[in-house]
Structures are given as C-alpha cells and as structure tokens.
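Structural characterization, general
Each chain is listed here by its residues.
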Amino acid sequence: MASCSKVNLAPSCWIMQQAKRWPNRSKILDFASGRGRHCRALSSTFPGRFEILATDHNHAALRELAAQFPGIRTLHADLENTKIWPFADHDFDVVLVTNYLFRPRLPDLFRLIRSGGFLAYETFGDGNAAFGRPSNPNFLLNDGELPACLPDDFKILDYFHGKIDQPQPAIIQRLAAQRDSKSNA
C-alpha cells in the first residue's frame, strides 16, 4: 500500500493554496483520502464551495469522515485493483492526490479530469529514504516523473521536487496542472 496517513497531520499548505484557483461548485475527488485531512480542510475553509467525494480502502476512516462531515460523500474502494475501476463513468473538476502513489492508476486518474479541470498531486519523491518512510522506490517519484506522465492536453501550473522541512523533513514532488478547456477528455 502506498499510503502514508497520519491521524493528526495538518493539511498541506500547498494544496490549500491550489484550492483558491478552483472554481466554485467544483466536483472534487480526494483520491486515497485516508482520514480526509484535505477534504475536511477544504469543507471547513470553503464551506459549500465544493462538492467532494473522498475515496479510500480504509472503510473505518471513511465512516468516521462521513459521520463528522456529512456534506462530504465517501466511497470505499480497492484503489489498486486494476480490474475494477469505480470511476469508469465519472469525471471531476479536480482530482486531488496526496501521500499516495500507485503508478498503474496514473493514466486513469488523469482521464477523470474534465476539460478545464485541475490536478493537484503531492507525494514523496526519490531520496525520501534519508528521512524515513516511505523508502520503497515503488512509492517514491523520480524527479520529473509526474510531469512526464501527464497527457499533452494538460498545462503545468506548478511543479516542485525537493526537500521540505514542514510538517517534517521529506523529499516530495508536487504537481498542479490544468487540462486544456478545449480538450475532449
């Protein structure tokens, strides 16, 4: 499993900054949401602005999230089952992914983003082993890997690969991108 969920970890300031550019009434997928630190923060910071669906394999975490934030929809799913994709007939204005990497699903995630929609992806990068977990290369992005995987109809809005010190020292990769509004995704 490629998730690294901390119970009381604050939401990423970078993700919250990205949310300021997302249009009102955006339909957001918080993919591999864990306990929902970002969808909770988005719901609290921007009340009523977004329609949020949180999905994860952790049924108990989603049940707790739904009980505390009834405005956030939840979907329990095995996100790494390559034969079953619960989003085959769905699309979103925003796909949000943090602290999670399962490379076989990247093309599927990109396809979920509507014309004019946004991707906000933040996870661990190569070199993070020096700071602890995750250290398995299967869960660490190489510098430039996410931008290289992005379909041609996306424009990169922000990219970073390097060391951060807060909330704890780590090597991370961040990618904010927007699908061309003329795309027929």
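Predicted model, so just to flag it, every value in this text is computed and none were measured.

Looking at the overall build of the protein chain
- Regarding its fold elements, the protein chain presents five helices and seven strands.
- Tracing the protein chain from N to C terminus, the helices and strands come up as α-β-α-β-α-β-β-α-β-α-β-β.
- The C-alpha extent of the protein chain, read off along each of the three principal axes, is 40 × 40 × 35 Å.
- Scored against the burial criterion, the 185 residues of the protein chain give a buried share of 48%.
- Taking the intrachain contacts of the protein chain between residues at least 6 apart in sequence as the baseline, contacts between residues at least 24 apart amount to 61%.
- Carbon together with sulfur atoms contributes 49% to the accessible area of the protein chain, which is approximately 9100 Å² in total.
- Side-chain charges of the protein chain comprise 22 positive and 19 negative groups, with the mean position of each set lying 5 Å from the other.

Notes on helix α2 (residues 37-45)
- Within the span of α2, buried status applies to Arg 37, His 38, Cys 39, Arg 40, Ala 41 and Leu 42.
- On the buried face of α2, the contacting elements are α1 (13-19), β1 (27-31), β2 (51-56), α3 (59-68) and β4 (92-98).

Quick look at the state of the cysteines
- Considering all chains together, one arrives at zero disulfides under this definition.
- Summary of cysteine pairing: Cys 13 is not part of a disulfide, and the nearest cysteine sulfur, belonging to Cys 39, is at 17 Å.
- Here Cys 13 falls in the exposed class, since its relative accessible area comes to 67%.

Some words on the environment of Gln 68
- Turning to its location among the elements, Gln 68 is positioned in helix α3.
- Relative accessible area serves as the criterion here: at 46%, Gln 68 is assigned to the partly exposed category.
- Along the primary structure Gln 68 and Asp 143 are separated by 75 residues, whereas in three dimensions their C-alpha atoms are 37 Å apart.
- A distance of 2.3 Å separates polar atoms of two side chains, one belonging to Gln 68 and the other to Arg 40.

Regarding the pattern of salt bridges
- Under the criterion given, the structure shown has ten salt bridges.
- With a closest N to O distance of 3.6 Å, Arg 40 and Glu 64 form a salt bridge. Taken together, the residues span a long stretch of sequence, with Arg 40 in helix α2 and Glu 64 in helix α3 at a distance of 24 residues.
- The class for Arg 40 is buried, based on a relative accessible area of 17%.
- One salt bridge connects Asp 93 with Arg 114, and the closest N-O pair in it is separated by 3.0 Å. One end of the pair, Asp 93, is in strand β4; the other, Arg 114, is in strand β5 (residues 113-124), and 21 residues separate them in sequence.
- When its relative accessible area of 19% is taken as the criterion, Asp 93 is described as buried.
- Connected through salt bridges with shared partners, the residues Arg 35, Arg 40 and Glu 64 form a single ionic network.

Points about unusual backbone geometry
- A cis amide bond links Arg 133 to the next residue, Pro 134, at an omega of -5°.
- As for its placement among the helices and strands, Pro 134 is situated in the loop between β5 and α5 (145-149).
- For Asn 99, which is not glycine, the phi dihedral falls at a positive 50°.
- Of note, Asn 99 is situated in the loop between β4 and α4 (106-111).

What counts as what
- Residues numbered from 1 in each chain as written.
- Predicted model: local features only at pLDDT ≥ 70, side-chain atom pairs only at ≥ 80, totals over all residues.
- Heavy atoms only, no water.
- Helix = DSSP H or I, 4+ residues; strand = E, 2+ residues; numbered from the N terminus.
- Buried < 20%, exposed > 50% of the residue type's maximum accessible area, 1.4 Å probe, protein only.
- Contact = heavy atoms within 4.5 Å.
- Areas by Shrake-Rupley, 256 points an atom, 1.4 Å probe, with all protein chains shown as cover.
- Lys, Arg positive; Asp, Glu negative; His and termini not counted.
- Charge placed at Lys NZ, Arg CZ, Asp CG, Glu CD.
- Disulfide = S-S within 2.5 Å.
- Polar contact = N/O pair within 3.5 Å; in protein donor to acceptor, adjacent residues only side chain to side chain.
- Salt bridge = Lys/Arg side-chain N within 4 Å of Asp/Glu carboxyl O.

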